[in-house]
Amino acid sequence: MQWVVAIAAFFASAVEFVEAFTIVLVVGVTVNWRSALLGALAAAATLALLVATLGTALVQWVPLDVLRTVIGTLLLLFGLKWLKNAILRYAGLKARHDEQAIYEETQAQLRARGGVDATSSRFDLFGFLLSYKSVLLEGLEVAFIVITFGVSAATSTVSRSSGIASAALGALAAGLLVILVGALVRVPLANVPENTLKFVVGIMLTTFGTFWLGEGFGVVWPLSDAFILILAAIYLGASFLLTVWLKRVKKQQRAQEIGNQPAPTAEQTKEVMQ
Amino acid sequence: MKVIKAIYNFIVGDMVILIGVALAVTVLALINNVGVLAPLKSFSGPFLVIAVLASLVATLSREAFSSQR
């Protein structure tokens, strides 16, 4: 069991599963649970098939050095995207994900469609497809992380299949946890610190992406594998500084906007006073 | 075209990050494969880290100072 891989997959999956759960929940409540759960299960099966086939093909046919270079690059792209969005959200330059708003918006759309009886257990194709699509789209990112992370984490002593298995177990644990908590509370999981999870995963993906891409090009990192911790510390420190800087930029921009607004005329002031 | 755009959005969705990482990979490939550049091999690691940080700073700056904001 590779714990780092499992933990990274767990965090990344938890974020995506929370997002998918919101849609499955709204379909379950508004259309019916049969269609919602069948859609979610069908998507989970599609994703499992994808991980199994693509993962096995990569493990068996692609040499480790090539794999590390290609997958290191992909992880770096993916990690930087997550890190950028998380930093922008921390700095207040991007809106945070609002599960409650998504829940209400989707519910309104489903109700506007009309003709739905939530008490009926009859299979509803629209509900099934909506549930399937949301779980599949959110899950694709998880599948991508499971495959890339699992395959690249392999060392000479640990087989690549073991890497994928560790990542898949991490993702499965996150999925079960989200379903369990969701089934108990039956409301959108709005209190999950999504941005913090995305930030942590962004740091992990960027760190491992850098490390493996470097190894793919024959870079000999000082302290060998322990350099991963130093890389993580570098990216963590840089992200903290960037967040502080962006918060300051936002404050300045707001002050400038207020300064640029025309001063109220005497008449406007008088109207307000009245 | 739609498929390419969907893949681009799925993996990165940001041109600054894509160009930054692509440039870093190209330079690393050159250092690794061109004989004249072989003495620079010991700087590959620090170069990669700096390139990643520079890409992050560049994309965040673009977002922060974008005129659309």
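Just so we're clear, the structure is a prediction, and the values are computed from it rather than from any experiment.

Thoughts on the overall build of chain B
Next, step 1: The helix and strand tally for chain B stands at three helices and zero strands.
Next, step 2: Its C-alpha atoms give chain B a radius of gyration of 15 Å, clearly above 11 Å, the size a compact globule of 69 residues would have.
Next, step 3: With the C-alpha coordinates aligned to their principal axes, the bounding extent of chain B is approximately 45 × 30 × 15 Å.
Next, step 4: Out of the 69 residues in chain B, the part that is buried amounts to 33%.
Next, step 5: Entry remark: accessible area of chain B is about 4,200 Å², with carbon and sulfur atoms responsible for 74%.

With respect to the overall build of chain A
Next, step 1: Counting secondary structure elements, chain A contains nine helices and zero strands.
Next, step 2: For chain A, the succession of helices and strands along the chain, N to C, is α-α-α-α-α-α-α-α-α.
Next, step 3: In chain A, which comprises 274 residues, the share counted as buried stands at 47%.
Next, step 4: Restricting the contact set of chain A to residue pairs at least 6 apart, pairs at least 24 apart contribute 86%.
Next, step 5: Just so you have it, chain A exposes about 13,900 Å², and 67% of that area is on carbon and sulfur atoms.

Quick notes on the pattern of salt bridges
Next, step 1: According to the stated counting rule, one finds three salt bridges over all chains in the structure shown.
Next, step 2: Salt-bridge contacts for Asp14(B) lead to Lys84(A); the nearest nitrogen and oxygen are separated by 2.5 Å. Here Lys84(A) lies in helix H3 (residues 64–90) and Asp14(B) lies in the loop between helix H1 (2–11) and helix H2 (15–33), a pairing that spans two chains.
Next, step 3: Take Asp14(B): its relative accessible area is 1%, and that puts it in the buried class.
Next, step 4: The residue Glu63(B) makes a salt bridge to Lys84(A) at a minimum N-O spacing of 3.1 Å.

Focus: the interface of chain B and chain A
Next, step 1: Contacts between chain B and chain A engage 29 residues on the former and 31 residues on the latter.
Next, step 2: Taken over both partners, the interface formed by chain B and chain A buries close to 2,700 Å², and the fraction arising from carbon and sulfur atoms is 82%.
Next, step 3: Considering only the surface of chain B that becomes buried against chain A, Phe10(B), Ile11(B) and Leu60(B) emerge as the three largest contributors, covering 23% of it.
Next, step 4: Taken together, the connections running from chain B to chain A amount to two salt bridges.
Next, step 5: Secondary structure elements with two or more residues in the side of chain B that touches chain A: H1, H2 and helix H3 (44–65) of chain B.
Next, step 6: Tallying contributions element by element places H3(B) first for the side of chain B that touches chain A, with 15 residues.
Next, step 7: Its residues assigned to classes, the side of chain B that touches chain A comprises 18 nonpolar, seven polar and four charged.

Considerations on the nonpolar core
Next, step 1: Among the nonpolar cores identified, the biggest contains 82 residues, and Val27(A), Ile87(A), Val146(A), Phe149(A), Leu246(A) and Leu48(B) are the most heavily contacted of them.
Next, step 2: Sequence-distant contacts of Leu246(A), defined by excluding residues within four places in its chain, comprise Ile87(A), Leu88(A), Ala91(A), Leu93(A), Leu60(B) and Ala64(B).

So, the confidence of the model for chain A
Detailed reading of predicted coordinates is not advised where the pLDDT is low.
Next, step 1: Overall, the prediction assigns chain A a mean pLDDT of 79, with 84% of residues at 70 or greater.
Next, step 2: Averaged pLDDT values for the elements of chain A fall to 65 in helix H9 (residues 266–273) of chain A and rise to 90 in helix H8 (residues 227–260) of chain A.

As for the environment of Gly20(B)
Next, step 1: Inspection of the secondary structure puts Gly20(B) in helix H2.
Next, step 2: In this structure the C-alpha to C-alpha distance between Gly20(B) and Leu56(B), which are 36 residues apart in sequence, comes to 8.7 Å.

Some details on the packing of H8(A) against H3(B)
Next, step 1: Direction vectors running N to C along H8(A) and H3(B) enclose 20°, while the axes themselves pass 11 Å from each other. Between H8(A) and H3(B), the crossing angle belongs to the class labelled roughly parallel. Judged by the sense of rotation from one axis to the other, the crossing of H8(A) with H3(B) is right-handed. Facing H8(A), whose interface residues are Leu231(A), Ile234(A), Tyr235(A), Ala238(A), Leu242(A), Trp245(A), Leu246(A), Val249(A) and Gln253(A), H3(B) presents Val49(B), Val52(B), Leu53(B), Leu56(B), Val57(B), Leu60(B), Ser61(B), Ala64(B) and Phe65(B).
Next, step 2: Looking at side-chain class alone, the contact of H8(A) with H3(B) contains 16 nonpolar, two polar and no charged residues.

A short note on helix H7 (residues 194–216) of chain A
All names here are of chain A.
Next, step 1: Taking 1.5 Å per residue as the helical rise, H7 with its 23 residues ought to reach 33 Å, and the 32 Å between its terminal C-alpha atoms agrees with that figure.
Next, step 2: Of all 23 residues in H7, 20 are buried, a share of seventy percent or more.
Next, step 3: Where H7 terminates, the next one or two residues include glycine 218, which has phi positive at roughly 80°.

A word on the side chain of Thr210(A)
Next, step 1: Of note, Thr210(A) is situated in helix H7.
Next, step 2: Residue classification places Thr210(A) among the buried residues on the basis of a relative accessible area of 0%.
Next, step 3: Engagement of the side chain of Thr210(A) in a polar contact is seen with the backbone oxygen of Thr206(A), the distance being 2.6 Å.
Next, step 4: Beyond its immediate sequence surroundings of up to four residues, Thr210(A) is in contact with Leu76(A), Trp221(A), Leu231(A), Tyr235(A), Leu48(B), Val49(B) and Val52(B).

What counts, and where the lines are drawn
Residues numbered from 1 in each chain as written. Chains lettered and ligands numbered in written order. Predicted model: local features only at pLDDT ≥ 70, side-chain atom pairs only at ≥ 80, totals over all residues. Heavy atoms only, no water. Helix = DSSP H or I, 4+ residues; strand = E, 2+ residues; numbered from the N terminus. Rg over C-alpha atoms; globule rule 2.2 N^0.38 Å. Buried < 20%, exposed > 50% of the residue type's maximum accessible area, 1.4 Å probe, protein only. Areas by Shrake-Rupley, 256 points an atom, 1.4 Å probe, with all protein chains shown as cover. Contact = heavy atoms within 4.5 Å. Salt bridge = Lys/Arg side-chain N within 4 Å of Asp/Glu carboxyl O. Buried area = accessible area lost by both parts, 1.4 Å probe. Nonpolar A, V, L, I, M, F, W, Y, C, P; charged D, E, K, R; others polar. Core = buried A, V, L, I, M, F, W, Y, C linked by side-chain atoms within 4.5 Å. pLDDT = per-residue confidence, 0-100. Axes fitted to C-alpha atoms, helices over the stretch in contact; angles between N-to-C directions. Parallel < 35°, antiparallel > 145°, perpendicular 65-115°, else oblique. Left-handed = near helix turned anticlockwise from the far one by under 90°. Expected span 1.5 Å × (residues − 1). Polar contact = N/O pair within 3.5 Å; in protein donor to acceptor, adjacent residues only side chain to side chain.

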